[in-house]
Structure formats: C-alpha cells, structure tokens
Amino acid sequence: KFLHKPLILRHDDIDSKQSNNLIAYGPDDTIAYAHYFMPSRYIILMKLLNDIKIYLPNYKPMKVIDFGCGPGTAGAAIKEIYSDNFLKYTGIDISRSMLDSARILLENSKIDCVFYDNISNIIKQFKGNKD
C-alpha cells in the first residue's frame, strides 16, 4: 500500500531546463527499480562505507541528507554501518513512490526519518532552523 498518489509535476516547481532530466517513478517503476538496481548499489555503498570506517575511524555521521534518495538504499547502508551513531535521515526525491519505498525500508529503525518531494517544503522546514 502506497502512502501517496503518483506524483504530478507542476510547472511552477521546476524550470524548463530541469524538466527534461526529471524522472518521476510510479509504484510499478519503483518496484522494478528496487529489484534491479538496489542490490548492486547497496553492495557498492556498503563497501564504500566500510572503507570510510577503516580509514576514518573517528568519522561517525549522525545526520544525513540524501538528495535523490530513491528507495532509500543509502539510508539502509548507513544504518547498517553506523547504527550506533546514525540518528537522522532526510530523504529527498521527486517520486513519491520512491519515498514510500524508503519510508518502508527505514520504518522499523531507531533513526528519525523525514522525507520530502518538493524543494519548497524543505525551505519552509529549515528556514530559521539552526540545527
């Protein structure tokens, strides 16, 4: 069950140069994307994060902003590697079904997760916020 209706891009949300590069995935597309791309990208991220943990042992991310988060692959990998320190995940994607997938993937964790599908919502949320 998806939490949002399929995304309809409004002209005032994006300019014409950006609109040619945007892909809004629907529920079926998200499932296909997650099955095809997610496993390999998760493995690559796990390798990268393990290497970072080895070479920078004092680096312990507490908050992550993931632009183009898709189904939450990076959030899942960071949660796995930095589970003791990772407190807040902010996922940003234009596809609401991708955000639904990320929300489901990370819902049973102790991480505070926030998801956005519109840049103006992010600006409203963080305007004046010093945290």
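Residues numbered from 1 in each chain as written. Predicted model: local features only at pLDDT ≥ 70, side-chain atom pairs only at ≥ 80, totals over all residues. Heavy atoms only, no water.

### Considerations on the overall build of the protein chain
The line we're drawing: Helix and strand definitions follow DSSP, with helices as H or I runs of at least four residues and strands as E runs of at least two, each counted in order from the N terminus. Throughout, exposure labels follow a simple rule: accessible area from a 1.4 Å probe, protein chains only, divided by the maximum for the residue type, with under 20% read as buried, over 50% as exposed, and the rest as partly exposed. Here, two residues are considered to be in contact whenever any of their heavy atoms come within 4.5 Å of each other.
Within the protein chain, the regular secondary structure consists of 6 helices and 3 strands. Helices (α) and strands (β) of the protein chain occur, in sequence order from the N terminus, as α-α-α-β-α-β-α-β-α. Counting only residues that meet the buried cut, the protein chain has 34% of its 131 residues in that class. In the protein chain, 70% of the contacts between residues at least 6 apart in sequence involve partners at least 24 apart.

### Focus: the confidence of the model for the protein chain
To keep things clear, this is the line we draw: pLDDT is a residue-level measure of predictor confidence that goes from 0 to 100.
Averaged over all residues, the pLDDT of the protein chain is 82; the fraction at 70 or higher stands at 76%. The least confident element of the protein chain, judged by mean pLDDT, is helix 1 (residues 16-19) at 51; the most confident is helix 3 (residues 38-55) at 96. Segment residues 1-12: pLDDT under 50, and 17 contacts once partners within four positions in sequence are set aside and those in other chains are kept.

### Concerning the pairing of strand 3 (residues 112-116)
Along any regular strand, the residues point their side chains to alternate faces of the sheet. Going by this rule: Any two strands with at least two DSSP bridges between them are considered paired. Every crossover in which the path from the first strand over the helix to the second runs clockwise, viewed with the strands pointing away from the viewer, is termed right-handed.
Note that strand 2 (residues 88-92) and strand 3 share 5 bridges and pair parallel. Across the sheet, residue Thr90 finds its bridge partner in strand 3, namely Val114. For the crossover that starts at strand 2, traverses helix 5 (residues 96-106) and ends in the parallel strand 3, the hand is right-handed.

### Details of the sheet that holds strand 3
The strands making up a sheet associate through hydrogen bonds between their backbones, and the pairing can be parallel or antiparallel. To keep things clear, this is the line we draw: Fitting a line to C-alpha atoms yields each axis, with helices limited to the stretch in contact; the angle taken between N-to-C directions then spans 0 to 180 degrees.
The 3 strands lie next to each other as 1-2-3, forming an open sheet whose pairing is parallel. Only two strands of the sheet have a single neighbouring strand rather than two, namely strand 1 (63-67) and strand 3. Here the average twist between neighbouring strands, direction ignored, is 10 degrees. The sheet strands contacting helix 5 are strand 2 and strand 3, and the helix crosses strand 3 at an angle near 175 degrees.

### Quick word on the nonpolar core
Using the following cut-off: Nonpolar cores are built from buried Ala, Val, Leu, Ile, Met, Phe, Trp, Tyr and Cys residues. Side-chain atoms within 4.5 Å join them into one set.
Ranked by size, the top nonpolar core spans 15 residues in total, and within it Leu49, Ile78, Tyr82, Phe86, Tyr89 and Phe115 carry the most contacts. Looking at this core, the elements with two or more residues in it are helix 3, helix 4 (73-81) and helix 5.

### A look at helix 5
Among the residues of helix 5, Ser97, Met98, Leu99, Asp100, Ser101, Ala102 and Leu106 are the ones counted as buried. For helix 5, the elements touching its buried residues are helix 2 (27-36), helix 4, strand 2 and strand 3.

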